[in-house]
Amino acid sequence: MSRVAVFPGSFDPMTMAHLDVARRAAALFDRLVVGVLHNPKKSPVFDIEERVALIRASVADFGANVEVEAFDGLTVVFAERNGASFIVRGLRAVSDFEAELQMAHTNRKLQRGVDTVFLMSALEFGYLSSTLAKEVAQFGGDVSGMVPPPVAAALVARFSG
Ligand code: PNS
């Protein structure tokens, strides 16, 4: 039986913390589908196609068991559509825990067959967030080391001039 997981998120944009979780999850599961949430109510810096393309470029050397897809609606429906029994999420600090616990319980209430698996973010990336990376880039700071190289280039392009 093959073990399939989805790794959902906004990924606006993907950070090194996300990339680290995706790399480790790819080693744990037979197939990992990174799901990029298309939320029409939010105005992301990168549109859905850009976010998907940036993640694809960032995970290019991970191997064939990692896919990247956009989705909208419920994460459990996205999981079901992909034959996934697991949702992967990263935990950076205790401050993430409450919201993640709430989401995990909600998802389990919606779909008992889907379990959430948490990976602790690598210590060196525990401080990172997409929001901070965007803010640093916006004010001309160096984001290399915070985000994968394709994302760093896209942030510089987006905020230069
Ligand atoms: O990267 P984020 O913004 O922390 O990711 C949050 C995400 C996309 C995982 C969460 O908002 C989500 O699952 N949204 C889809 C809607 C849904 O399934 N809601 C009910 C369960 S929380």
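Our structure's up above, just so we're on the same page.
Small disclaimer: the values here were computed from a predicted structure and weren't measured.

Analysis parameters
Here the residue index of a chain counts from 1 through its sequence in written order. Whole-chain, interface and lining totals are the exception, using all residues; otherwise, since this is a predicted model, local features are given only for residues with pLDDT of at least 70 and side-chain atom pairs are given and counted only at 80 or more. Only hydrogens and water are removed before side-chain values are computed, so all heavy atoms of the structure are retained for them. The numbering of helices and of strands both runs from the N terminus, where a helix is a DSSP run of H or I of at least 4 residues and a strand a run of E of at least 2. A helix is expected to span 1.5 Å for every residue after the first. The term bend refers to the angle at a residue between two fitted axes, each drawn through seven residues, those ending there and those starting there. Partly exposed residues are those whose accessible area sits between 20% and 50% of the maximum for their type, while under 20% is buried and over 50% is exposed, using a 1.4 Å probe and protein chains only. Residue contacts follow a heavy-atom distance rule, with two residues in contact if any of their heavy atoms lie within 4.5 Å. Cavity means a closed set of points on a 1 Å grid over the protein atoms alone, one where a 1.4 Å probe fits but cannot get out, pocket means an open set with protein on both sides within 12 Å along at least 5 of 7 lines, and lining means a residue has an atom within 4 Å of a point. Grid points are joined across faces, edges and corners, and a volume is the space filled by probe spheres set on the points. Throughout, the ten residues Ala, Val, Leu, Ile, Met, Phe, Trp, Tyr, Cys and Pro are labelled nonpolar, Asp, Glu, Lys and Arg are labelled charged, and all others, Gly among them, are labelled polar. Put simply, buried Ala, Val, Leu, Ile, Met, Phe, Trp, Tyr and Cys residues joined by side-chain atoms within 4.5 Å make one nonpolar core. By convention in this text, a residue qualifies as near a molecule or strand provided that one of its non-hydrogen atoms is within 4 Å of it. The term polar contact refers here to a pair of N or O atoms within 3.5 Å; inside protein, the definition further demands a hydrogen-donor-capable atom paired with an acceptor-capable atom, and it admits residues adjacent in sequence only when both atoms are side-chain atoms. Using the Shrake-Rupley algorithm and a 1.4 Å probe, accessible areas are obtained, with residue cover drawn only from the displayed protein chains. Think of it this way: if more than half of a molecule's atoms are within 2 Å of a pocket's grid points, that molecule is in the pocket or cavity. Each axis is a line fitted through C-alpha atoms, taken for helices only over the stretch in contact, and angles between the N-to-C directions span 0 to 180 degrees. Centre distance within 6.5 Å is the pairing criterion for rings of Phe, Tyr and Trp, where only the six-membered ring of Trp is used; planes under 30 degrees apart are then read as stacked, over 60 as edge-to-face, and the remainder as tilted.

For helix 4 (residues 94–110), spanning 17 residues, the distance from its first C-alpha to its last is 25 Å, which sits close to the expected 24 Å at 1.5 Å a residue. Along helix 4, the largest kink reaches about 25° and is centred on glutamate 100. Of all the residues in helix 4, the buried ones are Asp96, Glu100, Ala104 and Asn107. Buried positions along helix 4 lie against helix 3 (75–81), strand 4 (86–91) and strand 5 (115–120).

Reported here for the largest pocket is a volume of approximately 960 Å³. Along the walls of the largest pocket sit 41 residues, with Pro8, Gly9, Ser10, His18 and Arg89 positioned nearest its centre. Among the secondary structure elements, those contributing two or more residues to the lining of the largest pocket are strand 1 (4–9), helix 1 (16–28), strand 4, helix 4, strand 5 and helix 5 (130–138). Here the element with the most residues in the lining of the largest pocket is helix 4; it accounts for eight residues. Residue composition of the lining of the largest pocket, by class: 17 nonpolar, 16 polar and eight charged.

Now for the nonpolar core. Formed by 39 residues in total, the largest nonpolar core has its most connected members in Phe7, Leu32, Val34, Ile55, Val88 and Val147. For this core, the leading source of residues is helix 1, giving seven residues. Excluding residues that lie within four positions of it along the chain, isoleucine 55 makes contacts with Phe11, Met14, Val34, Val36 and Val68.

Every residue lining the ligand is accounted for by Gly9, Ser10, Leu37, Gly73, Leu74, Thr75, Arg89, Met103 and Asn107. A distance of 2.5 Å separates an oxygen atom of the ligand from a polar side-chain atom of serine 10. Side-chain polar atom of threonine 75 to an oxygen atom of the ligand: 2.6 Å apart, as the coordinates give it. Relative to its unbound accessible surface of 530 Å², the ligand loses 71% to contact with the protein. Judged by the proximity of its atoms to the pocket grid, the ligand belongs to the largest pocket. Here the shell around the ligand is composed, by residue class, of three nonpolar, five polar and one charged.

Let us look at the packing of helix 2 (residues 48–58) against helix 6 (residues 149–159). The contact between helix 2 and helix 6 brings their axes to 8 Å, and the two run at 145°. Along the contact surface, helix 2 presents Glu50, Leu54, Ala57 and Ser58, while helix 6 presents Pro150, Val151, Ala154 and Arg158. In terms of residue class, the contact of helix 2 with helix 6 is made up of five nonpolar, one polar and two charged.

Glancing now at the side chain of aspartate 96. Along the chain, aspartate 96 turns up in helix 4. By relative accessible area, aspartate 96 is classed as buried at 14%.

Mapped onto the elements, phenylalanine 11 comes out in the loop between strand 1 and helix 1. Residues phenylalanine 11 and glycine 35, 24 residues apart in the sequence, show an inter-C-alpha distance of 9.0 Å. Contacts of phenylalanine 11, omitting those with residues within four sequence positions, involve His18, Val34, Gly35, Val36, Arg51 and Ile55.

Looking at the element boundaries, threonine 15 is found in the loop between strand 1 and helix 1. Reaching out from threonine 15, the side chain makes a polar contact with the backbone nitrogen of alanine 17 at a distance of 3.2 Å.

In this section: the packing of aromatic side chains. Taken as a whole, this structure holds three aromatic pairs when the rule is applied. Where phenylalanine 29 meets phenylalanine 86, the ring centres are 5.3 Å apart and the plane angle is 40°; that geometry is what we call tilted. Residue phenylalanine 29 is found in the loop between helix 1 and strand 2 (31–37), and its partner phenylalanine 86 is found in strand 4; the two are separated by 57 residues along the sequence. Judged by its relative accessible area of 9%, phenylalanine 29 falls in the buried class. Overall, the relative accessible area of 18% leaves phenylalanine 86 in the buried class. With a centroid separation of 4.4 Å and an interplanar angle of 15°, the aromatic rings of phenylalanine 71 and phenylalanine 78 are classed as stacked. Taken as a pair, phenylalanine 71 and phenylalanine 78 share a single burial class, namely buried.

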